[in-house]
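Topology and contacts: notes
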Amino acid sequence: WCSLATAQVCEKLVITGPPAGPPSSWLDDGKLVGASVDFVKQVALAAGVKTVETKAYDSWAKSLDATQRGEVDLIFSAAWSEERARFLNFIQPSYAGQYLLVIVRKGQGFPLRKYSDLEGRKGLAGQGETFGNSKFGLFIQNKLNLERSPTISRSFELLLDGKVEYILAYENAANSEIFTNNLGDKIDVISTYPFYAETYIAISKRSKCAGLIGPSLSKEIEVAKQKNLFYLLTNKYRNIFNESLVVLK
């Protein structure tokens, strides 16, 4: 995959990311598309990578596992955590971020003014989702016993079936599920956001490119942020995704 020639460049990067988080990334006819996909391709090519390929998995947890094994070189939309940092090199700075939503069945909302308002309630989050070493992450670790589900679709199913009282989901995946399946009249989103996750490009420590492109990627992310590249791509792919919903309907 990667060359150790005199130029010390990474010849090829295989990338992956969330399969259900438009406009950042989602599966379209089995292919991973979206703002983050284009963003990573552009900064990687600018950093000297010769070829960028995408590899799609049907869940975030599988995408993470594949990156940990070194089956792919790079994962995007990754929030930092101490556990993940054992197998990923996070490239600074972050290039995006997402709010964490607390979602309940319609009419079943509750005040969320402090973290402890979640105690005593049955909650659920997706497999592979992290809240880092933040105050909220430590609260979950020490005070809550969240169930986990393999996909965002399954999370909503369990919520609507009354198996849990609330789900925690990051905004891109949650909003996609709500709008795609017309769930707006079945759920409520509590107005308080308990956590905001900065998201990064991260390279597998098992990748042959791990020691070759980190500094160059950091530099190109800085350049892209000055140009508001991710914001522009997000607007573009939001329109593309919304148009696809109109076609489906």
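Quick look at the structure, then. (Residues numbered from 1 in each chain as written. Predicted model: local features only at pLDDT ≥ 70, side-chain atom pairs only at ≥ 80, totals over all residues. Heavy atoms only, no water.)

1. Quick notes on the pairing of strand 8 (residues 123–126)
Along a regular strand, successive side chains alternate from one face of the sheet to the other. For clarity, the threshold we go by: Think of it in three bands: with a 1.4 Å probe and only protein chains considered, a residue is buried below 20% of the maximum accessible area for its type, exposed above 50%, and partly exposed in between. Here a helix means four or more residues in a row that DSSP labels H or I, a strand means two or more in a row labelled E, and each is numbered from the N terminus. Any two strands with at least two DSSP-identified bridges between them are counted as paired. Look down the strands so they point away from you; if the path from the first strand over the helix to the second goes clockwise, the crossover is right-handed.
Burial along strand 8 is two-sided: Gly-123 and Ala-125 and Leu-124 and Gly-126, pointing in opposite directions, are all buried. Summarising the sheet, strand 8 and strand 10 (residues 166–170) pair through 3 bridges and their orientation is parallel. By the bridge assignment, Gly-123 is partnered in strand 10 with Tyr-166. In this structure, strand 8 lies alongside strand 9 (residues 147–149), joined through 3 bridges in parallel fashion. The residue of strand 9 that forms the bridge with Ala-125 is Arg-148. Regarding the hand of the β-α-β motif, the stretch spanning strand 8, helix 3 (residues 135–143) and strand 9 is right-handed.

2. Topic: the packing of helix 1 (residues 35–46) against helix 6 (residues 214–226)
The test is simple: Inter-axis angles, ranging from 0 to 180 degrees, are taken between N-to-C directions of lines fitted to C-alpha atoms, where helices are fitted over the stretch in contact. Angle categories: roughly parallel below 35 degrees, roughly antiparallel above 145, roughly perpendicular from 65 to 115, and oblique for all the rest. Note on convention: near helix rotated counterclockwise from far helix by under a right angle means a left-handed crossing. Clockwise means right-handed. Whether two residues are in contact is decided by their heavy atoms, any of which lying within 4.5 Å being enough. Each residue is assigned to one of three groups, with Ala, Val, Leu, Ile, Met, Phe, Trp, Tyr, Cys and Pro labelled nonpolar, Asp, Glu, Lys and Arg labelled charged, and all others, Gly among them, labelled polar.
Between helix 1 and helix 6, whose axes approach to 9 Å, the crossing angle comes to 125°. The orientation of helix 1 relative to helix 6 falls into the category oblique. Here the hand of the crossing between helix 1 and helix 6 comes out right-handed. Residues Phe-39, Val-43, Ala-44 and Ala-46 of helix 1 form the contact with helix 6, whose participating residues are Leu-217, Glu-220, Ile-221 and Ala-224. The class makeup of the residues in the contact of helix 1 with helix 6 is 7 nonpolar, no polar and 1 charged.

3. With respect to the state of the cysteines
To keep things clear, this is the line we draw: For the purposes of this analysis, a disulfide is any pair of cysteine sulfur atoms at a distance within 2.5 Å.
This structure, assessed with the given rule, holds 1 disulfide. A disulfide bridge connects Cys-10 with Cys-209, and the sulfur atoms are separated by 2.0 Å. On the S-S bond that ties Cys-10 to Cys-209, the torsion sits near 70°, and the link is right-handed. Residue Cys-10 is located in the segment before strand 1 (12–16), and its partner Cys-209 is located in the loop between strand 12 (196–204) and helix 6; the two are separated by 199 residues in the primary sequence. A relative accessible area of 0% means that Cys-209 is categorised as buried.

4. Structural notes on helix 4 (residues 152–160)
We apply this condition: Arc definition: it is the arc formed by the directions from the helix axis to the C-beta atoms.
Taken together, the buried positions of helix 4 are occupied by Ile-152, Ser-155, Phe-156, Leu-158 and Leu-159. The arc that holds the buried residues of helix 4, viewed along the axis, is 160°, so those residues lie on one side.

5. What to know about the nonpolar core
Convention followed: Take the buried residues of types Ala, Val, Leu, Ile, Met, Phe, Trp, Tyr and Cys, join any two whose side-chain atoms come within 4.5 Å, and each joined set is a nonpolar core.
Formed by 34 residues in total, the largest nonpolar core has its most connected members in Leu-13, Phe-39, Leu-74, Ile-201, Ile-213 and Leu-217. Where this core is concerned, the elements lending two or more residues are strand 1, helix 1, strand 6 (74–79), strand 7 (88–105), strand 12, helix 6 and helix 7 (229–248). For Leu-13, the contacting residues outside a window of four places in its chain are Ala-44, Val-49, Thr-51, Val-52, Glu-53, Asp-73, Leu-74, Cys-209 and Ile-213.

6. Considerations on the pairing of strand 10
Buried residues dominate strand 10, accounting for 5 of its 5 residues. The alternating pattern of strand 10 places Tyr-166, Leu-168 and Tyr-170 and Ile-167 and Ala-169 on opposite faces, both of which are buried. Note that strand 7 and strand 10 share 4 bridges and pair antiparallel. Paired with Val-102 across the strands is Leu-168, a residue of strand 10.

7. Digging into unusual backbone geometry
Looking along the chain, the bond that leaves Pro-22 and enters Pro-23 is cis, with omega of 5°. Mapped onto the elements, Pro-23 comes out in the loop between strand 2 (20–21) and strand 3 (25–28). Gln-92 connects to Pro-93 through a cis peptide bond whose omega is 0°. In this fold, Pro-93 is placed in strand 7. Even without a glycine there, the phi angle at Asp-29 is positive, about 55°. Mapping Asp-29 onto the fold places it in the loop between strand 3 and strand 4 (31–33).

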